[in-house]
Amino acid sequence: MATPENKLAFDGGWEYAAAPESTDHIKVKKRYGLFIDGNFIAPEKGRYFDTINPANEEKLSRVAMASQLDVDKAVKAARKAYAGPWSRMKPKERGKYIYRIARIMQERAREFAAIESLDGGKPIRESRDVDVPLASAHFFYYAGWADKLEYAFPGRTAKALGVAGQVIPWNFPLLMAAWKIAPALACGNTVVLKPAETTPLTAMKLAEVIADAGLPGGVVNIITGAGDTGSALVTHPDVDKVAFTGSTNVGRIIQRALAGSNKKYTLELGGKAANIIFADAAIDQAVEGIVNGIFFNQGHVCCAGSRLFVQESVADEVVQKLKDRMETLIVGDPMDKNTDIGAINSRMQLEKIESYLEIGQQEGGTMHQSSCSVPDAGYWCRPTIFTGVSQSNRVVQEEIFGPVLAIQTFRTYSEAMSKANNTPYGLSGGVWTDKGSKIFKMTQGLRAGVVWANTFNKFDPTSPFGGYKESGVGREGGLHGLDAYTKLGAKK
Amino acid sequence: MSVTAIKTTSRIPDLSTVPAVDEVGVNERVARFQSRSIKSSSKVEALKLILSMIDLTTLEGMDTPGKVRQLSQKAIHLHDAMPNLPHVAAVCVYPMMVPVAKETLKGHDINVASVATAFPSGMSSLQVKLDDTRMAVDAGANEIDMVISRGAFLAGEFAYVFDEIAAVKEACGDVHLKVILETGELGTLDRVRRASVLAMHAGADFIKTSTGKIQPAATMQVTLVMLQAIKDYYYETGRMVGMKPAGGISTAKLAVHYLVMLRETLGNAWMTPEWFRFGASSLANDVLMQLRKQSTGIYQSADYFSQD
Amino acid sequence: MSNKSQRLPIAKTYKIYIDGKFPRTESGRYFALENKKGAVIANICRGSRKDFRNAVVAARKAQTGWAKASAYLRGQIVYRIAEMLEGRKEQFVAELVLQGNTRRAAEREVDASIDRLIYYAGWADKYQQIFSSVNPVNSSHFNFSVLEPTGVVSLIAPDNSGLIGLISNIVPAIVGGNTCVVLASEQRPLCAVSFAEVLHASDVPAGVVNILTGFRSELTEQFASHMDVNAIAYCDGGKKAARTIQELAAENIKHAISRQQVDWLSDDAASPYRIRETQEVKTTWHPIGT
């Protein structure tokens, strides 16, 4: 193992010069209205709020605060479009509109990526290489289902539900919008979508794409706002289907609010995934998997691998390699192409993370952070690990939603399994071993909706995603993602 | 096959404890290195470092003294129109050509590396291989690049392969030894990892990917696996071992990716020609063209750079 | 404004399409395609057995790489073919009219052809989901069945359709990862050659689709008997030809897929089952244990 004599030197020496992403080709308006019935219009009460760049706290634009009246207007437009052009349209023609959206997103990919990073804080490398391509791919995938639903449900005829009210979070703003809108449209529904308060801009740009694609007015409506807007939307009497991605606490509130109504709903909530490394894993790739699991997107990931379980015989080696790898992670300006870990999305979220760092230390855990520098302005958190913690610690039980990893050891596979499942959450999990039979044994036993074997944080439009237990209800993506937006009747 | 009358002091390692390698994971890590954006001053620094790490190579059946002289001249005068260029690390030739290279390079701080041990196939007796090595050493080679017996390795005769490397190391004396694994013939990254461990424990000063005579030659994937093996060996023993990817690296852009990989895997201590080399021939001109482009802002033409 | 009567237009030479190139038939032979009035529209390559042989070599070479391409990529490429065809609608309408369609019918056929491409593009990353299975075997094994492309497919296009019949045979085969060699309609071959140009502009790798023109009577035996072809799908042609095909296909146990009297214009002519027809099923077992 590393000793003072044979440590590796990662600081100083040859360092990467600034590699800024150019922003001279992007267009962000000074102010955006609400996208209702095919046009951007002013909010009824005339109220707007700022959206800032969390890397430097500078204002990027202003967006509208939708009130109850605006929500009513949007739902009405969605209903009219549903009853009118959208239901009457041939399914294959609906599909063509969705293909158009995908194609235009591809054409504007670079602009989308830049705006996503400016507004939300994630590294440009990730928005460019992950968020934006996955978002357009999601539209591509579901476009193809529009005229093929008869094959998706054996023995049943699938029909649209009507108007979908959708509320999405700030961690993958454009991708979450794609995950919600694409399947809804493919199944013949119309949509009112509310992006998160701190990340409205790529949703506004998506609205522009939707208008450019010629989609009939009212089929997709995008209204910005805060908690009240979302609440008004999901409880609106003329919304047939609610889709929410966000925290378990808010999910619980929504589920309660929908009790007694006939609304269908899907909830994609929080997680505290176990990432399990066996002694016979491909160790170096497993370490990379840990990094991808918890430091990707600053750890703002519901399915993040935030609890590491490493088999005791290789624990020291894994932790040493992890620390080495953390030293090469670059925290900094999201718009620099070499940044690995960008800005924390908001002051509020940073304060929450920092309080957990305090809690973890008070609980007796040993905290280790990488030694990189961080900029002065903006919201930043270095990649952090806690050792010397156990199942009863709050930093092990509660979702931190930041680049903070809790590390425990285990001796046998059954110990790993029971500790992994010992949580109210059940969104995802990871298993690292070179032994195939053990992979299947673990994946069979883990109570989670997505299990990654020898990989982590992999997403694909064809692959269903969603949680067990308090991580939510319903699946997004793939064939199973069609369930959420259809009602099934007897075969004609 | 057996090795006679050679005493070795190093011990063959237990290869069953070498960690497995996941190919998909390796590909993803490599892709991430390739997405690093190296610009302006850091690019110039990288390009100069790459030049200083090149082993300018000619290993052809049709090599003549004239050819070797011209290549050695290129090593000394990379591009006189650009002042303050670092010199390449070494010129790499067949043992018969060592005297010619030594003569041309006299007085210059550029090493002469020689391949040996029935390069490139290694399909000969131990005696022949040791004689081949001694011939190169006696002619004045500063470095020896040997090949392992791939057939024996694939047949599981690890002790044979180990002993052979140890014997060649002994024949080298003080001359530093690079051990070529010929990764293109090993088939899997797991085997590349195990061969690396074997070679280091047997006394290699450098481990090298390829002879450059078959496809695939060096790839970022095998290089990463070898760098990770070097790291583990360093942690275990405290001894640094160098690394040389050879063959197939003909663009500056790719060489910069390799430097990123080296930097982020082993850190600063390895970022010198003492511990890392590029086995290449046409790479030098592409690096020169990139350096020129960096300083003038204009894309270059091959017409303006000597081809030797 | 140019005076049309003074300008001589450049007549197109109709070649065949093999391995991403447009050679003439190696036999040098041709046949004259005539319109209803007996005037010569164009000289069409009378493809030979050697052309077919070369095409199969190209198709086999391209097949592994094409099958390895992700389903997403294959879908994107087929979508691109639709984009290219949409852009060239007029050319295809004109060719169908030359060969005897009314303008209205030609436009309908070209529109339907574009939509058919879109339809199958959308199946590329979905057919696996509806036709695969995880099988609940009675032992501690993870057991799953997936579709895999059968390999190289030879296709005999229907005679009575200039475009949509051709496309409806090619696209389900390639969307599933197969490569193919197609014999175009003998009576309406023009669009097949132009379609090759569209494929060529659509990022379809060389060798994935190879298009021959020529006489069914001369080439059917080759299409059916070649030992390195995994499946043959043939349209119409009559009972005798069908029997010959089936007999010759038996030599290497080729899949022989008969597509008789299909109304290609109808939406019913397209389905994921057409993709399944040129797929194998592979079932894998793996233990579940520690």
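Our structure's up above, just so we're on the same page.
Residues numbered from 1 in each chain as written. Chains lettered and ligands numbered in written order. Predicted model: local features only at pLDDT ≥ 70, side-chain atom pairs only at ≥ 80, totals over all residues.

A word on the overall build of chain C. Along its length, chain C carries 10 helices and 10 strands. Rg of the C-alpha trace for chain C: 20 Å, near the compact-globule value of 19 Å for 290 residues, within the 12% margin. Overall, chain C is about 85 × 40 × 30 Å in size when its C-alpha atoms are taken along their principal axes. Residues classed as buried in chain C amount to 46% of the 290 residues present. Across chain C, the fraction of contacts at a sequence separation of at least 24, relative to all contacts at a separation of at least 6, is 77%. (Helix = DSSP H or I, 4+ residues; strand = E, 2+ residues; numbered from the N terminus. Rg over C-alpha atoms; globule rule 2.2 N^0.38 Å. Buried ≥ 20, exposed ≤ 12 C-beta atoms within 10 Å, placed from the backbone. Contact = placed C-beta atoms within 7 Å.)

Once that is clear, we can look at the sheet that holds strand β2 (residues 90–93) of chain B. All names here are of chain B. With parallel pairing, the 8 strands of this open sheet are ordered in space as β7-β6-β5-β4-β3-β2-β1-β8. One side of each edge strand has no neighbouring strand; the edge strands of this open sheet are β7 (242–244) and β8 (278–280). Looking at each pair of strands side by side, their axes are set apart by 25 degrees on average, direction ignored. (Pairing = 2+ DSSP bridges. Axes fitted to C-alpha atoms, helices over the stretch in contact; angles between N-to-C directions.)

The next thing to look at is the nonpolar core. Counting 337 residues, the largest nonpolar core has I98 of chain A, I50, I54, V91 and A199 of chain B together with L117 and V182 of chain C as its most contacted members. Looking at this core element by element, the count peaks at 11 residues for helix α5 (residues 173–186) of chain A. In this structure, this core is formed jointly by two domains, domain 1 (31–269 + 469–490) and domain 2 (274–453) of chain A, each of which donates at least three residues. Non-local contacts of I50 of chain B, meaning those with residues more than four positions away in its chain, are made with A252, A255, L259, F278 and V287 of chain B. (Core = buried A, V, L, I, M, F, W, Y, C linked by C-beta atoms within 7 Å. Domains from an automatic or database assignment.)

Taken residue by residue, the interface counts 29 residues in chain A and 30 residues in chain B. Counting only elements with at least two residues in the side of chain A that touches chain B, the list comes to α4 (124–145) and α9 (283–295) of chain A. Element by element, the count of residues in the side of chain A that touches chain B is highest for α9 of chain A, at 5 residues. Partitioned by chemical class, the residues of the side of chain A that touches chain B number 11 nonpolar, 9 polar and 9 charged. (Nonpolar A, V, L, I, M, F, W, Y, C, P; charged D, E, K, R; others polar.)

Attention shifts here to the sheet that holds strand β10 (residues 279–287) of chain C. Strand order in the open sheet formed by 3 strands is β3-β4-β10 (chain C), with antiparallel pairing between adjacent strands. Both outer strands of the open sheet, β3 (133–134) and β10 of chain C, are each paired with one neighbouring strand and no more.

A word on the arrangement of the chains. By contact count, the leading pair among the 2 pairs of chains in contact is chains A and B. Nothing in chain B touches chain C, and the closest approach of their C-alpha atoms is 15 Å.

The next point concerns unusual backbone geometry. Residues and elements named next belong to chain B. The omega torsion across F119 and P120 is 0 degrees, close enough to zero to call that bond cis. Along the chain, P120 turns up in the loop between β3 (111–115) and α5 (126–138). In this chain, Q215 is followed by P216 through a cis amide linkage whose omega measures -5 degrees. On the secondary structure map, P216 appears in the loop between β6 (206–208) and α10 (220–237).

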